[in-house]
Every structure is written in C-alpha cells, then in structure tokens.
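Each chain, written out:
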Amino acid sequence: MSTRRTIATVALALTAPFALSACGTSFGAQTNQQYQASEGSDLRTGPVHVYNGLLVDNGDGTATFSGGLLATEEQTIEAVSLEGDAKKLPRPITVKPNQLLTLGAEGEIVVKLFEVTAGDYVTISFAATPGGDASIDVPIVARDSMYDSVAKRPKPGATATPQEDETDPAEPEDLGGQDDTSPGA
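Predicted model only: the values in this text are computed from it and were never measured.

**Some thoughts on the packing of aromatic side chains**
- Tallied over the full model, the rule gives one aromatic pair.
- For the pair Phe65 and Phe126, a centre-to-centre distance of 5.3 Å together with 75° between the ring planes defines the contact as edge-to-face. Of this pair, Phe65 sits in strand 3 (residues 62–70) while Phe126 sits in strand 8 (residues 121–129), placing them 61 residues apart in sequence. No difference in accessibility class separates Phe65 from Phe126, as the two residues are buried.

Next up, the structure:
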C-alpha cells in the first residue's frame, strides 16, 4: 500500500465520524423539539401547575379529570369551569405547597361534556384561592383499560390526598425472616 493511500485512509477514518455526526442537524432537528411523552397536557406557570391533565370520557355525557396538581403555596380549589361553564365542587380540593396531588381515582372532578367527544380538546379552569384561576387546554380521551383506575363518579366522602413526600423514609418491608439483599443493605 502506498504512503498516499495510507494517509488518505487514516484521514478518512479520522474525519468520517465528524462528517457523519452532522447528518440531520439543522434548525428543525428533532432534538430541538419539545417532547411530552404523556397523552395529557402540562401547565407549568401560574398558581397551580397541572401535569398530564386530561378528561376521561365516562360515556354518559360526563368526564372525569385525571392529572396531577402542584403549587408553591397552599391553594384551595372550590370550583372548576369547562369552556366557561362553572361548576362548584362537592368538596374543596387543597393543594399543599410542593406536594404533587394526583386526581382521578376518587372522581374528585366530574364535569358535563357539551357537544365534545374523545379526541377533542377543551379548556378547563381551576378557581384557586388565593392564587387565582389556572386554565389549560386538555384532551378528552376514550375510557379504556388504561383508565380503569379513573372513577366515573365521585366516591362518597372521597378527598384528594397528596402523594407521600419523597423526603420521608419509607417503612421497612417485612421480609419474613429473609435478609434484604438490595444494594446498599
């Protein structure tokens, strides 16, 4: 093999990764696009933040709100409105500071649907005190096995409770006389 050919081969081998790594990069490259893996909508501004918010169609002209709520200061939600139609909640929902509150399993917010079906988006507003309203466009999804845990109607006496604070240590699990073999044990 000649010296020129060897130098050309080495140069090509060294520059190929740089040349090929630039493929597909431009102003519209997918890495520049925001991606949300969930079906629901997120709202990360205002008095109440909403995570994976959506309405599950109950098939009877109503829908149940499912999603997570988070606030930096305590907020009380006593009413919601769907497309401007206000509804007072049977029980106020209290969002504690910096604790994710997951709604849906107890049917805390059930609203009437007016001329909308699964696949449509509607605007839902949460009347939060003292922060004010938080509004977000959420999708309506068809009830299927994925949403079996979302209640169709409010459960009697149900109140929304925040998820456990991650800073609290979990209770040790009784292993029935077996040793814990997890890393760090």
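**Structural notes on the layout of surface pockets**
- By volume, the largest pocket is sized at about 230 Å³.
- Along its surface, the largest pocket is lined by 16 residues, and Ser66, Gly67, Leu103, Ser149 and Val150 are the ones closest to its centre.
- Of all the secondary structure elements, the ones that give two or more residues to the lining of the largest pocket are strand 2 (49–57), strand 3 and strand 6 (101–103).
- Here the residues of the lining of the largest pocket sort into six nonpolar, seven polar and three charged.

**A short note on the pattern of salt bridges**
- One pass over the structure, following the stated rule, counts three salt bridges.
- A salt bridge links Asp42 to Arg44, with the nearest nitrogen and oxygen atoms 3.1 Å apart.
- Judged by relative accessible area, Asp42 falls into the partly exposed class, the value being 25%.
- Where Glu74 meets Lys96, a salt bridge forms, and the shortest distance between an N and an O atom there is 3.7 Å. A residue pair is termed long-range when its members are at least 10 positions apart, and Glu74 in the loop between strand 3 and strand 4 (75–82) and Lys96 in the loop between strand 5 (85–95) and strand 6 qualify at 22 residues.

Conventions and cut-offs
- Residues numbered from 1 in each chain as written.
- Predicted model: local features only at pLDDT ≥ 70, side-chain atom pairs only at ≥ 80, totals over all residues.
- Heavy atoms only, no water.
- Phe/Tyr/Trp six-rings, centres within 6.5 Å; stacked < 30°, edge-to-face > 60°.
- Helix = DSSP H or I, 4+ residues; strand = E, 2+ residues; numbered from the N terminus.
- Buried < 20%, exposed > 50% of the residue type's maximum accessible area, 1.4 Å probe, protein only.
- 1 Å grid on protein atoms, 1.4 Å probe; cavity = no way out; pocket = protein on both sides within 12 Å on 5 of 7 lines; lining within 4 Å.
- Points joined across faces, edges and corners; volume = space filled by probe spheres on them.
- Nonpolar A, V, L, I, M, F, W, Y, C, P; charged D, E, K, R; others polar.
- Salt bridge = Lys/Arg side-chain N within 4 Å of Asp/Glu carboxyl O.

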